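Structural characterization, general
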Amino acid sequence: MKKFLLIMFLASSIFTSAQNTITWTIETEVAMNSYENLHPRIVTNGSGDAIVIWGRASDESIFISRWDGSSFTMPVKLNPSWLTIATASWMGPDIAAKGDTVYVVMKQTPEADITSHIYIVSSFDGGMTFSDPVQIDFIADSISRFPTVTVDVFGHPIIGFMKFDPGFANARWVVTRSNDFGNTFSPDVLASGWSGVGATVCDCCPGSITTSGSTVAMLYRDNLDNLRDSWVGISNDSGNTFTLGLPIDQNNWIINICPSTGPDGVIIGDTLYSTFMNGAGGMNLNYFSKTSLSSLTGAVGIALIGNIAGVSSQNYPRIASAGNAYAIAWKQHVNGGDQLALRFTNELHNGLPEGFDTVDVNDITNTDVALTTGNIFIVWQDDNAGTVQFRQGTFSLATGLPSAQIGNFNSVFPNPASREITLDLSLDILDEVTITITDLTGRNIFSTAVPATSHRIRFDIANWENGIYFLTVQSGNNSTTHKICKAN
């Protein structure tokens, strides 16, 4: 294969430390209420467009819709007729994306049946088309539930799920990974059980999984004799083994029933930023914590907001990041009505500013949030309209401080191509860029490192064999993967 790079350069952007106000669009209905609205989740593809999934209880289905630049596309059902999906307002399928590589994981019903499994569907064109379902949990007579998914630096899926012995005994979180873009999966490995002898996990609380580089964090609610604080299992070898667990929440919540809500987190640089609900103070409130992954010390969560008159409860917090910006969204009940609240910073070194944005009011059940460079996307389950609702916000980038990761790598074109492709990179990249090309089997075809000043890279592909390839770009702690089609 001929390997040639022509590198052009453009000026790098500069970062400052200013906090910026979010400018919000009006809210938009993702789909009519006949599609229902359970447990929506949102990511963005390589073009920066929002992709939303949600569940419909009436036929145990999952739907997906994409923003096409002016509106959301007609919802598409992701599960075939033989595969019914577990979904509710507090749990359901999960989605993750890196560039135009998108994965959705789902649990078959009935959940308690040992023949009901966890499946994944994959897209390599930004969510336009998906593969047939692939079973990921080969666990003999065990029971599984609550799948959650993240994507590694090469574009492969890493999946966490809860696993039980028959009869829903011995609840624990396990992780499995794929090295061939979701076609096959490794045996699952234990990721929970760190709080003490006899610890299980809170068996009605979903978890979340996130990754950066070779670090994988499996966040979950623990259960040690009804002490139900949140923990994280840490892997430093891309999810192959978990050798350490840390408390991300030390509020010491003793409760003898499962609260049916779990933690969420992102890794930025050396730090795991996490958010969770805890009721140890007598009221269900949302918290966030920061945990150093180098010193490996647990963090004590602090309340997301101070005292607000009329607040009676909070729940379902979600977190997302892009570059040095991150946002936390949640539901809260204030003076008898619901609010969809969001706290945001465009520069993590400055911390979260005081106050929050009220994105919507009334009949909010749960929410999810996604970020790209300069954009916030938020969805929520509106039980008054019976729909999934969406809003987009824009913000100014911080300047003056180095970026911990980059949120946008732009595009590859033309695609498909016969002789040459061009990779346009974001102007915001400050770190050296590593480019890796693999084939469908995961075999490394080509890799190179280029300086941060390189923002347009051309590849001669005239001598490539026809077929599908994956081009992965990594800079600092962020990466994205593009699917390339070579055709004469």
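Since we're looking at a predicted model, the values are computed, not measured. Counting starts from 1 at the beginning of each chain's written sequence and moves along it residue by residue. Only residues with pLDDT of at least 70 are given local features in this predicted model, and only at 80 or more are side-chain atom pairs given and counted; all residues enter the totals for whole chains, interfaces and linings. Side-chain figures throughout are based on the complete set of non-hydrogen atoms in the structure, without hydrogens or water.

1. Digging into the nonpolar core
Side chains of nonpolar character tend, in soluble globular proteins, to be buried together. The definition of a nonpolar core used throughout is a set of buried Ala, Val, Leu, Ile, Met, Phe, Trp, Tyr and Cys residues joined through side-chain atoms within 4.5 Å. Per-residue accessibility, obtained with a 1.4 Å probe over protein chains only, is compared with the maximum for each type, and a residue is labelled buried under 20%, exposed over 50%, and partly exposed between these values. Grouped together as the largest cluster of nonpolar side chains are 19 residues, with contacts concentrated most on Met162, Trp173, Val175, Val201, Ile209, Met218 and Phe242. Elements supplying a minimum of two residues to this core: strand 12 (143–151), strand 13 (157–165), strand 14 (169–177) and strand 18 (215–223). In what follows, residue pairs with any heavy atoms lying within 4.5 Å of each other are defined as contacts. Setting aside residues up to four positions removed in sequence, Met162 forms contacts with Ile143, Ser144, Arg145, Phe146, Ala171, Arg172, Trp173, Val201, Cys202, Asp203 and Cys205. The secondary structure listing takes helices from DSSP runs of H or I that are at least 4 residues long and strands from runs of E that are at least 2 residues long, numbered from the N terminus.

2. Examining the side chain of Asn375
Structurally, Asn375 can be placed in strand 30 (residues 375–382). Given the relative accessible area of 18%, Asn375 is considered buried. Nitrogen and oxygen atoms within 3.5 Å of one another constitute a polar contact, given that in protein one can donate a hydrogen and the other can accept it, and given that sequence-neighbouring residues count only through two side-chain atoms. At a separation of 2.9 Å, a polar atom in the side chain of Asn375 contacts the side chain of Gln392.

3. Overview of the packing of aromatic side chains
Ring pairs are drawn from Phe, Tyr and Trp, using the six-membered ring of Trp, whenever the two centres fall within 6.5 Å, and their geometry is named by plane angle: stacked under 30 degrees, edge-to-face over 60, tilted for the rest. Scanning the entire structure with this criterion turns up 19 aromatic pairs. Taken together, a centroid distance of 6.3 Å and an interplanar angle of 85° make the contact between Tyr103 and Phe124 edge-to-face. Here Tyr103 is found in strand 9 (residues 101–107), whereas its partner Phe124 is found in the loop between strand 10 (118–123) and strand 11 (134–135), with 21 residues between them in sequence. The interplanar angle of 70° and the centroid separation of 4.9 Å between the aromatic rings of Phe164 and Phe168 together place this pair among those described as edge-to-face.

4. Some words on the environment of Ala462
Within the secondary structure, Ala462 is located in the loop between strand 36 (454–460) and strand 37 (467–475). The spacing of Ala462 and Ile421 is 41 residues in sequence and 9.8 Å in space, taken between C-alpha atoms. If near-sequence neighbours (up to four positions away) are discounted, Ala462 is found in contact with Ser418, Arg419 and Lys486.

5. Some points on the sheet that holds strand 7 (residues 76–77)
By definition, two strands form a pair when at least two bridges between them are found by DSSP. On the basis of which strands lie adjacent, the open sheet formed by four strands has the order 4-5-6-7 and antiparallel pairing. What marks the edges here is a single partner per strand, and that holds for strand 4 (38–44) and strand 7. Pairing of strand 5 (residues 50–56) with strand 6 (residues 61–66) involves six bridges; the strand directions are antiparallel. Residue pairing across strands places Arg56 opposite Ser61, the latter belonging to strand 6.

6. Overview of the pattern of salt bridges
In what follows, salt bridge is the name for a side-chain nitrogen of Lys or Arg lying within 4 Å of a carboxyl oxygen of Asp or Glu. Per the counting criterion, the structure on display carries seven salt bridges. The salt bridge partner of Asp59 is Arg56, with a shortest N-O separation of 2.6 Å. For Arg145, the salt bridge is made with Glu111, and the minimal N-O distance between the two is 3.1 Å. Of this pair, Arg145 sits in strand 12 while Glu111 sits in the loop between strand 9 and strand 10, placing them 34 residues apart in sequence. Here the salt bridges share partners, and the residues they tie into one network are Asp264, Arg318 and Asp368.

7. Observations concerning the pairing of strand 5
Strand 5 sits mainly inside the fold: seven of its seven residues count as buried. Judged by which residues are buried, strand 5 turns out to be covered on both faces: Ala50, Val52, Trp54 and Arg56 on one side and Ile51, Ile53 and Gly55 on the other are all buried. Pairing geometry for strand 4 and strand 5, over five bridges, is antiparallel. Among the inter-strand pairings, Thr44 is bridged to a residue of strand 5, identified as Ala50. Once strand 4 ends, the chain turns through five residues before running back antiparallel as strand 5, passing Gly48 with a positive phi of about 80°.

8. With respect to the confidence of the model for the chain
For every residue, the predictor states its confidence as a pLDDT score lying anywhere from 0 to 100. Put simply, the chain has an average pLDDT of 87, and 90% of its residues get 70 or more. Within the model, pLDDT remains below 50 along residues 1–19, and this stretch shows 73 contacts once partners closer than five positions in the same chain are excluded. Residue range residues 400–409 is modelled with pLDDT below 50. Its contacts to residues more than four positions away, or to other chains, number 52 contacts.

9. Description of unusual backbone geometry
For the bond from Thr109 to Pro110, the omega torsion is -5°, close enough to zero to count as cis. With respect to the helices and strands, the residue Pro110 is situated in the loop between strand 9 and strand 10. Despite not being glycine, Asn252 shows a phi value in the positive range, around 60°. Relative to the elements of secondary structure, Asn252 occurs in the loop between strand 20 (244–247) and strand 21 (264–268). Even without glycine at this site, Tyr316 takes up a positive phi of about 50°. Topologically, Tyr316 is positioned in strand 25 (residues 311–322).

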